[in-house]
Amino acid sequence: MSRRPSDRAEAASVAPALRAYGDELAAGGAAQVGGAFTDDAAADAFIKSVPEAFLIGVLFTQGIPAERAWAGPYRLATRLGHFDLARIAAEPESVARAVAAPPALHRFVRTLPGWIVAASRRLIDEYGGSAASVWPTGGHVLEVTERLRAFPGIGEKKAVMAAEILVRHFGVALEGAECGSVAYDVQVRRVFLRSGLAEEDTPEAIREAARRACPEAPGTLDLAAWLIGRRWCRPRRPECGECRLGDVCPRHVDRDVAGVGARRTASRP
Ligand code: SF4
């Protein structure tokens, strides 16, 4: 779909405001987003201090609220009594029981355990048991994204999200910021559509809009858009008066993402 002059004018106003919010979040780190991946301090510390827990946490970030997802690795470790990758890889039945025991750690009690076991095996076989080796300092963001995508259970959306979190929250120095992107996530999509940054709800249109809005580092917009979507730009009754984009957004509130409701299933911290 071609972009009308008014669309371009809208996007021209919104883009700097969204970039400014993204820069502010990046400068402030996790403290700007509440300081936590989860509501549980111990689970939060686990995700932040153990790279393997972060990678396994990425596997959880699908179909359930973000806080519950990021708490998954800690709760798994608590139920198993360890977080030993070799034992996880060798004891799939134990992992399956730990995930499925009530209350289940995830909706996907059949698929998630297999992903966890496979990821543990892959980390041992290809990365010496160190998830940090998946995202070495100085690595290229596209290479890291591809490595993440090679793990069963991590698709494009999760991989892009994880790479952005590594850079923004954990300070991992990756090359190629201009090649970063936004995840094709329900919150990001809604904000891009309603703010006029994007006119179509396709992965290509959303990512192209991010590149137009912030050519030097499109990924900067990822967390900013996600937070706006979650805090203010809700599917029903968006709080435009409170929104960070409220002064510049054309407020196309009739636009929404097809096929999903108000579930908090996206996965940023
Ligand atoms: S909440 Fe309102 S002002 Fe904010 S992005 Fe959504 S439509 Fe725009």
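## A word on the site of the ligand
Next up, step 1: Lining the immediate surroundings of the ligand are Arg194, Trp232, Cys233, Pro238, Cys240, Cys243, Gly246, Cys249, Arg251 and Val253.
Next up, step 2: Here the shell around the ligand is composed, by residue class, of seven nonpolar, one polar and two charged.

## Concerning a positive patch on the surface
Next up, step 1: A cluster of basic residues, Arg68, Arg75, Arg79 and Arg107, forms a positive patch at the surface.
Next up, step 2: In this fold, Arg79 is placed in helix 4 (residues 66–80).
Next up, step 3: Its relative accessible area of 33% is what places Arg79 among the partly exposed residues.

## Some remarks on the nonpolar core
Next up, step 1: Grouped together as the largest cluster of nonpolar side chains are 80 residues, with contacts concentrated most on Phe54, Ile116, Trp135 and Phe192.
Next up, step 2: When residues are assigned to domains, this core turns out to be shared by domain 1 (1–34 + 179–269) and domain 2 (35–177), each giving three or more.
Next up, step 3: Among all residues touching Ile116, those that are not within four sequence positions of it are Ile56, Leu59, Phe60, Leu76, Ile88, Val95 and Val99.

## Focus on the packing of aromatic side chains
Next up, step 1: Summed over the entire model, instances satisfying the criterion amount to eight aromatic pairs.
Next up, step 2: Here the aromatic rings of Phe37 and Trp70 are separated by 5.1 Å at their centres, their planes lie at 85°, and the arrangement is edge-to-face. With Phe37 in the loop between helix 1 (5–28) and helix 2 (41–49) and Trp70 in helix 4, this residue pair connects regions lying 33 residues apart in the sequence.
Next up, step 3: Residue classification places Phe37 among the buried residues on the basis of a relative accessible area of 3%.
Next up, step 4: Centroid distance Phe54 to Trp135: 5.8 Å. Interplanar angle 85°. Geometry classified as edge-to-face. Taken together, the residues Phe54 in helix 3 (residues 51–60) and Trp135 in the loop between helix 7 (112–127) and helix 8 (141–149) connect sequence positions 81 residues apart. This pair shows no difference in class: Phe54 is buried, exactly as Trp135 is.
Next up, step 5: An aromatic cluster of at least three residues, connected via ring pairs, comprises Phe37, Phe54, Trp70, Trp135 and Phe170.
Next up, step 6: Above the plane of the ring of Phe151 lies Arg122, whose end atom (NZ or CZ) is 5.6 Å from the centre.
Next up, step 7: The cationic tip of Arg189 hangs over the ring face of Tyr184; the distance from NZ or CZ to the ring centre is 4.1 Å.

## Some words on unusual backbone geometry
A negative phi angle is the norm for most residues apart from glycine, just as the trans form is the norm for most peptide bonds.
Next up, step 1: A cis amide bond links Pro102 with the next residue in sequence, Pro103, at an omega value of -10°.
Next up, step 2: Tracing the chain through its elements places Pro103 in the loop between helix 6 (92–100) and helix 7.
Next up, step 3: Phi at Arg237 is positive, roughly 50°, even though this residue is not glycine.
Next up, step 4: A positive phi angle, near 60°, is found at Arg251, a position not held by glycine.
Next up, step 5: Of note, Arg251 is situated in the segment after helix 12 (220–231).
Next up, step 6: Judged by its relative accessible area of 40%, Arg251 is partly exposed.

Here is what the cut-offs are and how they apply
- Residues numbered from 1 in each chain as written.
- Predicted model: local features only at pLDDT ≥ 70, side-chain atom pairs only at ≥ 80, totals over all residues.
- Heavy atoms only, no water.
- Near = heavy atom within 4 Å.
- Nonpolar A, V, L, I, M, F, W, Y, C, P; charged D, E, K, R; others polar.
- Patch = residues over 30% accessible without salt bridge, like charges linked within 9 Å, V, L, I, M, F, W, Y side chains within 5 Å.
- Areas by Shrake-Rupley, 256 points an atom, 1.4 Å probe, with all protein chains shown as cover.
- Salt bridge = Lys/Arg side-chain N within 4 Å of Asp/Glu carboxyl O.
- Lys, Arg positive; Asp, Glu negative; His and termini not counted.
- Charge placed at Lys NZ, Arg CZ, Asp CG, Glu CD.
- Helix = DSSP H or I, 4+ residues; strand = E, 2+ residues; numbered from the N terminus.
- Buried < 20%, exposed > 50% of the residue type's maximum accessible area, 1.4 Å probe, protein only.
- Core = buried A, V, L, I, M, F, W, Y, C linked by side-chain atoms within 4.5 Å.
- Domains from an automatic or database assignment.
- Contact = heavy atoms within 4.5 Å.
- Phe/Tyr/Trp six-rings, centres within 6.5 Å; stacked < 30°, edge-to-face > 60°.
- Lys NZ or Arg CZ within 6 Å of the ring centre and 35° of its normal.

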